[in-house]
Structure formats: structure tokens, C-alpha cells
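# Chain and residue survey
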Amino acid sequence: MNTPRLLFALSLAPVAALHAQAAAPAAELRAGRAAIAANQPAQARDHFAAALAGQGSPDERYAAAMGLGQSTLWLGDYAAADRAFRIARDAAPDDAARQAASTGLAQALNARDYPREARALVAPYAMSQTRPTVELLRAEQALGWLDRGQPYLDAAPAPDAAGYVGTQYRLLKDDVAFNRAAQLEGGFGYSHDSDGLDTWRLGAAYRFAPSSSEDFSQRWGVAAGTTHLDHDGRSRRMDDLSLTAQLRVGEDNTINLHAGPGRANGWHYLQGNADWTLQPSDVFSFSAGAERAPVPTDTAIDHHLLYNLFSAGVSVRPAPRLYVLPTYYRQNFNDGNHRDGGVLRVLLSPYDLPGTRAAIGAEFSGRIFHSSEPSHGVYFNPRNYRSGQFGLVGVYSINPEWKLRAVVSGGRQVIDGNSAGIYTVGLSLQGRLPGNGRLDLQLGRSSAASASNGGSGYWNNSINLVVRYPL
């Protein structure tokens, strides 16, 4: 053996090991970028993750984290994208790199329904930059603040029509225009239940263009509707006229108002509803509401039966995809009866199915009330009622402009000690019409008791259609 050559080779071993460690992240980065160019996000994710795990330079660590964030966004793994972009922000070598990482993080946060945090990230520099503007407007859409979005659109150059940024920019631009315009709305509803009650509803509304500033927004309007109830060959008609208002006070308070006179077969009354929502963060909100309306059955109208309902509830988010929404309500009827009740909803937000346009989630809904003066014949009014249903929620994006949502659930209800199985199925279609219009179609069937109808063997079929256009 040549001893001098062996000793020389051994002396170079640490240097070679250091060179291999330095080369590994660079090679993984090159492989990751090639996979992105070849539309292979799963392979890109693996290469960028390997590069991030290696002992690369600060610049390589930033590039690996950005690549990992982009590939996991592509795959719909928004939690992983969130983590990757946070690493990239910490490793960013300058302000431009940090802004790019913040924009990617805002996209992941918007996808995970954290719009306040997303908006706070990009608001300082979104003006005049297109991609941050898209994420800011996505956040403002979720928060109901699109009336504030026009200055950002005016300052940002329009992107190419193709791709995520181009598609979102076009849709959000239409949404901002729709939100800032006066609106005309028309609606139709029909239901038929096992008691033979047919309910037809036609309605229309006009809403003026909003008046907005950073701290306050208001939109006023008028609405009118007519409802026909047909049962056993007899018809009753209810008409209503209302003043409407949508108010935003600061960034945390939203108020909705819908109130005016009503009439049914010569009987006149005041009807409407109002609600206030306080939402200081992405994980908590509080709401309170009041409603006054006639009980929508033929016999109840004959008895001039009204109710006043008062409610208070919260929305709590103990985990990123889990929402818990308990609500308490008090319902006072003008026949002397009052109800104390509650509703609990637990929602698991839909999870995107990789490689598809579909997402699937789950929900639990429970309801309970106690009536002080139970009765029969005029409206559904047992002394004690409780129900619980568990179901699956499916969402399918036909294209960026049209979306289907389906719900299938089953459970049990107990009416004064008598238990029975119940089910609910529903399908909704939401989309955009030519001329920047909006359509919302809902179909449903349920065997669970409603607030005014129910009992053994009860079921109800319904269809509702709403069309809105900007003027």
C-alpha cells in the first residue's frame, strides 16, 4: 500500500464530507425546481423538504422553504404551506424576500379561513403590487369589507389572465364592482310538507350603493314580498314591506336590519329582524339578534299568532378546521306561550381532496326547547323537544365561477318522550351570471320538525332561488 497517498486521502475526507453536505441542498433545490416546471408538485415537495432539512446556506434555506410552501399550496396542504412560509419569512435575506414569503403565507391563511391575519400581513405593501393585492382582497371578501377594495385594484397592474393570480384577480375585481354598486334582487321559494301545506314565496329588494370609509360603511334598501299558504283547498296570503340596512362599524361590528309592516287577510302587524355581530378575531365572534314574525301556518294566521324571538350565540374555533357554535334563544308567542331553547352546531370545515375539485367535511347539529304552554292544532308546540343529527358535507367546484354543495345527515328527535329517526338532505348551487349577476339555488328535504311544523312522520320538501344583479 502506498502510505503517503493513503494519508493524503484521509486528510481530504472531512473536506469532501463538507462539500457533499453543501452540495446536497443545492442539488435538491435544482431537482425541486425541475419538478415544479414539470408540474409534479409532490416530487417538488419532497425535494424542497430534503433541501430544507440539509445544512444549506441561509439563502438556500430561504429558497427551500419558499419552494416547499409553493408546492404544498399546489397540493392543497395549507397547514404545511403555512409552516413553510413562516420559516421562509424568518430566513428572508431582505425586505423583498420577506414580502414574497408573507404573500405566500397570506394565501395559505386565506385558504385556512384566517382572513384577519392574512390581511394584516399584506396590507402594508399591497398597494401597487398585484399578488399581495389579490390576497388582501380575498381576506376582505371573507370579512365583508370589499367596499374598501377599489383603491387597491386601481393601484395594482392587471396580471395575465391565466393562472391562480389572474383568475382570482378577475373574480375579485367583479366582486368589488358588485359590492360597490346598487343591487336588484329577486327571490322565489316553495315548500310542500306531509301535512299538505304548500307555501309559495315571491320577493324583491333594491339596495342602494354603499357609502363607505375605513371605519364605517352603510347600505340601505327596501324589500317587499308576498307569501301564499294553501292547505285543504283554502288559501291565506301574507304581504310585507321592509326597510333594510347593512352597517359596518369599525372592523369588528356588523349590524343588519330588516323591518317594516306586514299584512295577512286584513290583519296588520310589525315584522322583521335585526342582528349584531362582534368579531374581534379569526377564532371568536359573538352575535345577538331579534325577530318578529307571524307563525307561517294557515291555522296560526287565522288566530293572528305572532312570535318575538331573542337570541345570543358565539362562534369558537378550538382548532384550525373545527368550529363550535352554541346559541341560546327565547321565543315569546302572543298566545301566552314561551319557549326557552338552544341550538348547537359543530362544523369540521371541508378538506380538499388531492387531485380533485372536491372537498369533504362534517357537521353535527343539535336543537332543544321547552314550551311553557304546550298545545295542539294551531302550530307544532310540544312541551319538550330535542334532536341531534350528524352529517357529511361535500363541496365541488365546477369551475372558478360555479360551486355545488351537498349535505346528507341523519339522527333522532324526541318529542315529549317519543323518539324517532330523522334525516336531512340538501343541495345548493352558487355561481355567477352574465352581466356580473349572482345566483343561489337551494333544494332540500328534511323529516326534522321545524319551529312551527312537525310530528310523527313529518317531512318537508323545499326549493329556494335568489338572483341578484348590480345596477
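What comes next concerns the included structure.

Here we come to the packing of helix α4 (residues 78-91) against helix α5 (residues 95-111). Where α4 contacts α5, the two axes come as close as 8 Å, and the packing angle between them is 160°. As the angle between them shows, α4 and α5 are arranged roughly antiparallel. α5 is crossed by α4, and the crossing has left-handed handedness. Contact residues: α4 offers Tyr 78, Ala 81, Asp 82, Phe 85, Arg 86, Ala 88, Arg 89 and Asp 90, while α5 offers Arg 98, Ala 101, Ser 102, Gly 104, Leu 105, Ala 108, Leu 109 and Ala 111. Among the residues making up the contact of α4 with α5, the classes are represented as 9 nonpolar, 2 polar and 5 charged.

Quick look at the pattern of salt bridges now. Under the defined criterion, the tally for this structure stands at 21 salt bridges. Of the charged contacts, one joins Asp 82 and Arg 86 as a salt bridge, the two residues approaching to 2.5 Å between their closest N and O atoms. Of the two residues, Asp 82 and Arg 86 are both situated in helix α4; the distance of 4 residues between them amounts to about one turn of the helix. Owing to a relative accessible area of 6%, Asp 82 belongs among the buried residues under this scheme. Its relative accessible area of 33% is what places Arg 86 among the partly exposed residues. Between Asp 298 and Arg 236 there is a salt bridge whose closest N-O contact spans 3.8 Å. Taken as a pair, Asp 298 in helix α10 (residues 298-302) and Arg 236 in strand β5 (residues 234-249) lie far apart in primary sequence, 62 residues in all. Residue class for Arg 236 comes out buried when judged on its relative accessible area of 4%. One network of salt bridges, with partners in common, ties together Asp 82, Arg 86, Arg 112 and Glu 117.

Attention shifts here to the environment of Gly 394. Mapping Gly 394 onto the fold places it in strand β13 (residues 384-399). A C-alpha to C-alpha distance of 9.9 Å links Gly 394 and Asp 352, two positions 42 residues apart in sequence.

What follows deals with the nonpolar core. Most often, soluble globular proteins have nonpolar side chains that are buried together. By size, the foremost hydrophobic cluster in this structure holds 41 residues, and its most contacted members are Tyr 62 and Leu 137. The element that contributes the greatest number of residues to this core is helix α3 (residues 58-75), accounting for 7 residues. Excluding residues that lie within four positions of it along the chain, Leu 137 makes contacts with Leu 146, Gly 149, Leu 153, Leu 172 and Val 176. Val 295, Leu 305, Phe 380 and Ala 449 belong to the second largest nonpolar core, which has 14 residues in total.

Attention now goes to helix α2 (residues 41-53). Helix length check: α2 (13 residues) gives 18 Å between terminal C-alpha atoms against 18 Å at 1.5 Å per residue, within 8%. Buried within α2 are the following residues: Pro 41, Ala 44, Phe 48, Ala 51 and Leu 52. One side of α2 carries all its buried residues, which in axial view fall inside an arc of 95°.

What follows covers the packing of aromatic side chains. The geometry of two aromatic rings is summed up by the distance between their centres and the angle between their planes. Inspection of the entire model under this criterion finds 9 aromatic pairs. Note on Phe 188 and Trp 200: the rings are 6.4 Å apart at their centroids and 55° apart in plane angle, and the pair reads as tilted. In this pair, Phe 188 is assigned in strand β1 (residues 183-193) and Trp 200 in strand β2 (residues 198-207), connecting sequence segments 12 residues apart. Note on Trp 200: relative accessible area 38%, which makes it partly exposed. Note on Tyr 206 and Phe 208: the rings are 4.9 Å apart at their centroids and 90° apart in plane angle, and the pair reads as edge-to-face. On the basis of relative accessible area, Phe 208 is assigned to the partly exposed category, the value being 44%. Linked through ring pairs, Phe 188, Tyr 190 and Trp 200 together constitute an aromatic cluster. A cation over a ring is seen here: Arg 148 above Trp 145, with NZ or CZ 4.7 Å from the ring centre.

Basis of the calculations
Residues numbered from 1 in each chain as written. Predicted model: local features only at pLDDT ≥ 70, side-chain atom pairs only at ≥ 80, totals over all residues. Heavy atoms only, no water. Axes fitted to C-alpha atoms, helices over the stretch in contact; angles between N-to-C directions. Helix = DSSP H or I, 4+ residues; strand = E, 2+ residues; numbered from the N terminus. Parallel < 35°, antiparallel > 145°, perpendicular 65-115°, else oblique. Left-handed = near helix turned anticlockwise from the far one by under 90°. Contact = heavy atoms within 4.5 Å. Nonpolar A, V, L, I, M, F, W, Y, C, P; charged D, E, K, R; others polar. Salt bridge = Lys/Arg side-chain N within 4 Å of Asp/Glu carboxyl O. Buried < 20%, exposed > 50% of the residue type's maximum accessible area, 1.4 Å probe, protein only. Core = buried A, V, L, I, M, F, W, Y, C linked by side-chain atoms within 4.5 Å. Expected span 1.5 Å × (residues − 1). Arc of directions from axis to C-beta. Phe/Tyr/Trp six-rings, centres within 6.5 Å; stacked < 30°, edge-to-face > 60°. Lys NZ or Arg CZ within 6 Å of the ring centre and 35° of its normal.

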